[in-house]
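# Residue-level structure breakdown
Chain by chain, the residues run as shown.
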Amino acid sequence: MENRLPTSDKDFVESLIPQRFPFVMVHEITEYSESHLISGFEIREDNLFIQDGVFQASGMIEHQAQSVALHTGYQYFLLGKDAPTGYIGAIKSFEAEILPKTGDHLASEITILNEVMGVTLVDIVTRLNGKVIAKSQMKTAVK
């Protein structure tokens, strides 16, 4: 597989994360660097976290965590290695201004603040139509 960004190739994106349908909450990578990634996600009607047409906060957190996993998975892809399994170690903060609806397209930007011995501290900002709708800071760990 070529290393071309942006990409919304479903099979490629899903190969970079451990989650599988129906639990996939990322659909594309638009930017990547060692300390940064922007992911995209279109909220569909059949999503597990939809309630009355609204994507719930738990889904937002999962989307943000999978964006971090996508960064790690892409990093491993560039090294020619299989993507590791990761976990949310701690959520230091999470704020949502609004909850998106079915059909909305999210863009989440992750910034790696610190990475030590498989534990990564990240800031995550999620936007809808360019407007910040959620922010969090979390620690993730790889197995």
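Note: the structure precedes this text.
Let me begin by describing the structure that accompanies this report. None of the values given here were measured: they were computed from a predicted structure.

The next subject is the packing of aromatic side chains. Each pair of aromatic rings is reported with the distance of its centres and the angle of its planes. Applying the stated rule across the entire model yields 7 aromatic pairs. Both rings, one in Tyr32 and one in Tyr74, keep their centres 4.8 Å apart while their planes meet at 65 degrees; by these two values the pair is edge-to-face. With Tyr32 in strand β1 (residues 28-33) and Tyr74 in helix α2 (residues 57-78), the pair connects residues that are 42 residues apart, well separated along the chain. A relative accessible area of 1% places Tyr74 in the buried class.

With 22 residues, α2 ought to run about 32 Å at 1.5 Å a step, and its terminal C-alpha atoms sit 32 Å apart, in line with that. Positioned one or two residues after α2, Gly80 has a phi angle of 80 degrees, which is positive.

The subject of this paragraph is the pattern of salt bridges. Inspection of the entire model under this criterion finds 2 salt bridges. Across the pair Lys10 and Glu14 runs a salt bridge whose closest N-O atoms are separated by 3.3 Å. In this pair, Lys10 and Glu14 both sit in helix α1 (residues 10-15), 4 residues apart, roughly one turn of the helix.

Our next topic: the pairing of strand β8 (residues 131-142). Looking at chain direction, strand β5 (residues 86-96) and β8 are connected through 9 bridges and run antiparallel. Paired with Glu95 across the bridge in β8 is Lys135. Pairing analysis gives 10 bridges linking strand β7 (residues 119-128) to β8, with the strands arranged antiparallel. Counterpart to Leu121 in the pairing with β8 is Lys139. Two successive antiparallel strands, β7 and β8, enclose a turn made up of 2 residues, where Asn129 displays a positive phi of approximately 55 degrees.

Judged by nonpolar contacts, the single largest core of 18 residues is most densely connected at Leu16, Ile29, Leu70, Ile110, Val122, Ile124 and Met138. Those elements that provide at least two residues to this core are α1, α2, β6 (105-116) and β7. The biggest single contributor to this core is α2, with 5 residues. Among all residues touching Ile110, those that are not within four sequence positions of it are Ser35, His36, Leu37, Ser67, Val68, His71, Asp123 and Ile124. Judged by nonpolar contacts, the second largest core, of 11 residues, contains Met25, Phe49, Phe55 and Met60.

Procedures and definitions
Residues numbered from 1 in each chain as written. Predicted model: local features only at pLDDT ≥ 70, side-chain atom pairs only at ≥ 80, totals over all residues. Heavy atoms only, no water. Phe/Tyr/Trp six-rings, centres within 6.5 Å; stacked < 30°, edge-to-face > 60°. Helix = DSSP H or I, 4+ residues; strand = E, 2+ residues; numbered from the N terminus. Buried < 20%, exposed > 50% of the residue type's maximum accessible area, 1.4 Å probe, protein only. Expected span 1.5 Å × (residues − 1). Salt bridge = Lys/Arg side-chain N within 4 Å of Asp/Glu carboxyl O. Pairing = 2+ DSSP bridges. Core = buried A, V, L, I, M, F, W, Y, C linked by side-chain atoms within 4.5 Å. Contact = heavy atoms within 4.5 Å.

All quantities given are derived from atomic positions and should not be read as evidence of function.
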